[in-house]
Amino acid sequence: RKEVEQDPGPFNVPEGATVAFNCTYSNSASQSFFWYRQDCRKEPKLLMSVYSSGNEDGRFTAQLNRASQYISLLIRDSKLSDSATYLCVCPTGGGNKLTFGTGTQLKVEL
Amino acid sequence: EPEVTQTPSHQVTQMGQEVILRCVPISNHLYFYWYRQILGQKVEFLVSFYNNEISEKSEIFDDQFSVERPDGSNFTLKIRSTKLEDSAMYFCASSAGHLRETQYFGPGTRLLVL
């Protein structure tokens, strides 16, 4: 199994739709996880941290299932501005090294 | 809001030349990192740096690479003899601590090796 695995997409959804992204990870010792957002040719920016079973921030909900080694990100009422690549990220090694998934591309359309 | 800055934004160099990429981390952060992203591929960890020494490095970070914190503000990545395959976006990041601390990324330096 890859260290961090995501469906690359693209997910094309209409404005207002709910969309969910999945991510699996191989390092069972990982304690915390992150979702970063990356716009085209820009740097990754933190969207959400996930430490326990889940986290909610406005239209965004992240969930963690340690038994299945699975993290999800749910975006409700999607906006045009949500169009980006969403990166699933797990700290590995000594905890300093972030291991990124390949990212899932989201395109929100009118 | 404090942010990580990087210079230059773009660098074009000839194969075999040395390049130095510069970063100014967020001022009260103690941990510093370099990542790279080859066009169309995922972000890859290169090295982490704490207390003036490398704390972890990846297989990519071979003898051609070095990092330095020459003064209290700058953090640099040097590639001694660039190869075509070094062409990528190089991101600097910093964090206040490690483990659960968020890493904040700079805007990147796009390096093109000809």
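Quick caveat: nothing in here was measured; it's all calculated off a predicted structure.

Quick look at the side chain of Thr102 of chain B
No. 1: Residue placement: Thr102 of chain B occurs in the loop between strand 9 (88-95) and strand 10 (104-105).
No. 2: Given a relative accessible area of 11%, Thr102 of chain B falls into the buried group.

Things to note about the sheet that holds strand 7 (residues 65-68) of chain B
Residue and element names in this part refer to chain B.
No. 1: A sheet is described by the order of its strands in space; here four strands give the open sequence 1-3-8-7, paired in antiparallel fashion. The open sheet is flanked by strand 1 (5-7) and strand 7, the only strands paired with a single partner. Going from strand to strand, the sheet's axes swing by 20 degrees on average, the running direction of each strand aside.
No. 2: Where strand 3 (residues 19-24) meets strand 8 (residues 75-79), five bridges bridge the pair, whose relative direction is antiparallel. The residue of strand 8 that forms the bridge with Leu21 is Leu77.

Focus: the pairing of strand 5 (residues 43-50) of chain B
Residue and element names in this part refer to chain B.
No. 1: Counting buried positions along strand 5 gives six out of eight residues, so the element sits mostly inside the fold.
No. 2: The pairing of strand 4 (residues 31-37) with strand 5 spans seven bridges and is classified as antiparallel. In the strand pairing of strand 5, Gln37 is matched with Val43.
No. 3: Linking strand 4 to strand 5, which pair antiparallel, is a turn of five residues; within it Gly40 sits at a positive phi near 85 degrees.
No. 4: What sits between strand 5 and strand 6 (residues 53-57) in their antiparallel hairpin is a turn of two residues, with Asn51 showing a positive phi close to 55 degrees.

Considerations on the environment of Cys23 of chain A
Residues and elements named next belong to chain A.
No. 1: Within the secondary structure, Cys23 sits in strand 3 (residues 19-25).
No. 2: Residue Cys23 is classed as buried on the basis of its relative accessible area, which comes to 0%.
No. 3: Taking the C-alpha atoms as reference, Cys23 lies 5.6 Å from Glu5; in sequence the two are 18 residues apart.
No. 4: Once residues within four sequence positions are removed from consideration, Cys23 is found in contact with Val4, Glu5, Gln6, Trp35, Gln69, Tyr70, Ile71 and Cys88.

Calculation notes
- Residues numbered from 1 in each chain as written.
- Chains lettered and ligands numbered in written order.
- Predicted model: local features only at pLDDT ≥ 70, side-chain atom pairs only at ≥ 80, totals over all residues.
- Heavy atoms only, no water.
- Helix = DSSP H or I, 4+ residues; strand = E, 2+ residues; numbered from the N terminus.
- Buried < 20%, exposed > 50% of the residue type's maximum accessible area, 1.4 Å probe, protein only.
- Pairing = 2+ DSSP bridges.
- Axes fitted to C-alpha atoms, helices over the stretch in contact; angles between N-to-C directions.
- Contact = heavy atoms within 4.5 Å.

What is shown is where atoms sit, not what they do.
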